[in-house]
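Understanding the architecture of this molecule
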Amino acid sequence: MPSPAQNTEETTAEADRLWRLIAGHLREACILRRQGRHHAAAEILERELPPLIRQWSTECALPTAEAKARLNQLFTDEQARVESHWIIARFLAANNDPGNAADRLVAFPTAPAATPSGMQSLFAAPPSQATSAAMFFPAIAPRRIPIADVVDMIDATQEIARTAALHH
Amino acid sequence: MNSSSKSAALEETPVQTATDTLLVGLDFGTNTSALLASSSKSNDISIRELIPSIVGYAKDGILDGVLPGNATVLFGNEALKRKLYVNLVRPLKGGTIADLDSARHFARHLRSRLSISPNTEIRAVIGVPAKADPSAREALRQAVTGVFDKVLFIPEPFLAALGLRDESRLGDAGYADPVRNSLFIDIGGGSTDLCLMRGYYPQAEDQVSTTFAGDAIDQMVHNAILQTYPDCQISLHKVCEIKERHSFVMSPETQVVVDLVVAGRTRQFDVTEQLGAGCDALLKHILDLSRTLIARADPDAVPELLQNIVLTGGGSLVRGLGVALQTLLIEDGYENPKVSVIGPNYKEQVARGALKAARQAKERQWQTILR
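Residues numbered from 1 in each chain as written. Chains lettered and ligands numbered in written order. Predicted model: local features only at pLDDT ≥ 70, side-chain atom pairs only at ≥ 80, totals over all residues. Heavy atoms only, no water.

Turning next to the sheet that holds strand 2 (residues 32-39) of chain B. Residues and elements named next belong to chain B. Spatially, 3-2-1-9-10-18 is the arrangement adopted by the six strands of the open sheet, whose pairing is mixed. Of all the strands in the sheet, the pair left with one neighbour each is strand 3 (47-52) and strand 18 (367-368). Strand direction decides the pairing type here: strand 9 (residues 120-128) and strand 10 (residues 150-155), joined by six bridges, are parallel. Bridge pairing in strand 10 places A124 opposite V151. Across the sheet, helix 3 (residues 100-112) lies against strand 1 (20-27), strand 2, strand 3 and strand 9, angled at about 150° from strand 3, the strand it touches most. Across the sheet, helix 4 (residues 134-144) is in contact with strand 9 and strand 10; its angle to strand 10 comes to roughly 145°. (Pairing = 2+ DSSP bridges. Helix = DSSP H or I, 4+ residues; strand = E, 2+ residues; numbered from the N terminus. Contact = heavy atoms within 4.5 Å. Axes fitted to C-alpha atoms, helices over the stretch in contact; angles between N-to-C directions.)

Here the focus is the packing of helix 6 (residues 214-228) of chain B against helix 8 (residues 272-296) of chain B. Think of two packed helices as two axes; the pair is described by the angle between the axes and how far apart they sit. All names here are of chain B. It is the contact of helix 6 with helix 8, at a shortest axis distance of 8 Å, that shows an interaxial angle of 150°. Here helix 6 is positioned roughly antiparallel relative to helix 8, judged by the angle of their axes. Like other packed secondary-structure pairs, helix 6 and helix 8 cross with a definite hand, here right-handed. Packed against helix 6, whose contacting residues are I217, M220, V221, A224, I225 and T228, the element helix 8 presents Q274, L275, A277, G278, C279, A281 and L282 at the interface. Of the residues that constitute the contact of helix 6 with helix 8, the class distribution is 10 nonpolar, three polar and no charged. (Parallel < 35°, antiparallel > 145°, perpendicular 65-115°, else oblique. Left-handed = near helix turned anticlockwise from the far one by under 90°. Nonpolar A, V, L, I, M, F, W, Y, C, P; charged D, E, K, R; others polar.)

Right, let's get into the confidence of the model for chain A. Residue and element names in this part refer to chain A. The predicted model of chain A averages 65 in pLDDT, with 54% of residues at 70 or higher. Summarising per-element confidence for chain A, the mean pLDDT is lowest in helix 5 (residues 129-136) (30) and highest in helix 2 (residues 38-60) (82). Across residues 1-5 the pLDDT falls below 50, and counting only partners more than four positions away or on other chains, this stretch makes one contact in the model. (pLDDT = per-residue confidence, 0-100.)

Residue and element names in this part refer to chain B. Here T312 lies in strand 16 (residues 309-312). T312 sits in the buried class, given a relative accessible area of 0%. Separated by 126 residues in sequence, T312 and D186 have C-alpha atoms that sit 4.7 Å apart. (Buried < 20%, exposed > 50% of the residue type's maximum accessible area, 1.4 Å probe, protein only.)

The subject of this paragraph is the packing of aromatic side chains. All names here are of chain B. What the rule picks out here adds up to five aromatic pairs over all chains. Here F75 and F106 contribute two aromatic rings whose centre-to-centre distance is 6.5 Å and whose plane-to-plane angle is 55°, an arrangement assigned as tilted. One end of the pair, F75, is in strand 5 (residues 73-75); the other, F106, is in helix 3, with 31 residues separating them in the sequence. What makes F75 buried here is its relative accessible area of 17%. Taking 5.2 Å as the distance between ring centres and 55° as the angle between the ring planes, the aromatic pair formed by F158 and Y201 counts as tilted. One end of the pair, F158, is in helix 5 (residues 156-164); the other, Y201, is in the loop between strand 12 (192-197) and strand 13 (207-210), and 43 residues separate them in sequence. (Phe/Tyr/Trp six-rings, centres within 6.5 Å; stacked < 30°, edge-to-face > 60°.)

Next up, the structure:
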């Protein structure tokens, strides 16, 4: 029978393995979405990721709030990483072949109704005046946030600042 | 500018292990900065300061004893009082960092006002202008690097909304929640921002802005004075002083006659017309933008909204501005509007909102910066 210490180590190793899988799947989904392969991206987001996240949540034994925060951070980081690489790729493509560069960009779809709530942010909001203005006016709240919800307001502020930095 | 004194003031602060946390709310303003601080373990505000955002660098060759303690750098009112002997630099223009070195000096001066014990971690929530782009935020981050341990940058309209509300009185029948249904008109140095407050943080459709604000009035009045009196010597700083003392809309209480220098001799000039034209232009801008925003409000909410039009920021101190706006709205057909003036306290409202945000921010939300 394994000792408690061994059990802990195995649990940590398994949680790490699952975490890497989640990160990899997430990155893949972001890239697929950028390539316009929305069905393939949705397949990962809706079918493959949720069971992995459930398993990881069990294995990592973190308090729910902390686990959620880590996942949210991972989503944000991976999204930013892919976006950043995509901008570089777009820049290089524009330099090589300016005429076609714009055509290679794929518009982001809106989130399907069945998308898990934690993954809604992977999809862009539908084009609107507010969305386009938000890139230039970082003080605009992206959604209705009650004055009393300071934590959500700070999250939204940071989300907008990150988006603005990516587009800058 | 004295570069050796600048580099001396930028020496690094040694790394400390924190045992206590000081929370700071800061409005790093173009003209004035508001600083509030409180221990994380207490609700009492330990530091409350309004400081003109200006740095004075000692001019080369200043005699010993002219500046207090033979200082090479002075800040705020101290710098303004001795403007003949220092080169005055405003770190910010239009709400964003315009001179990084002086901004860093000023930020360090603000830190020196905190009078903290050695092992205290300082966490600051800092207001940023509504339209601060990533480079403006980066410049601000650089300015406070080495000054605070952890920071959060939050748009000023959000902090103002938070700061204006007195949560402890929300249950009082007699308390009118200032952010439930109101129109805020903030007239700053670099911009005039109008914002509908409807119980939530402002969104795109809730805000309109114009760059016609305090600095633009100064420039307009400056040009008009020089056009009328081409021989007189007057700086923008002097125009700003005249405006802060004598500004008015509609009609003046008395003629505005000021002393100006012509070829080294002081003479008196009547600048009533020039000053009035600049301030009336501001009134016209805020009237037009108010109409725009009121039209966007829910029709059912408009009667209550018209009762809660609030003028804030330094520009709100233009004499008669509130009454004039109210009169013009009535003439325009709006039913029983009521305009009130918060005035200079607005700066503190942003800082107060920042301090509230600092108290409620989650650990994961703080951004660590190197000391």
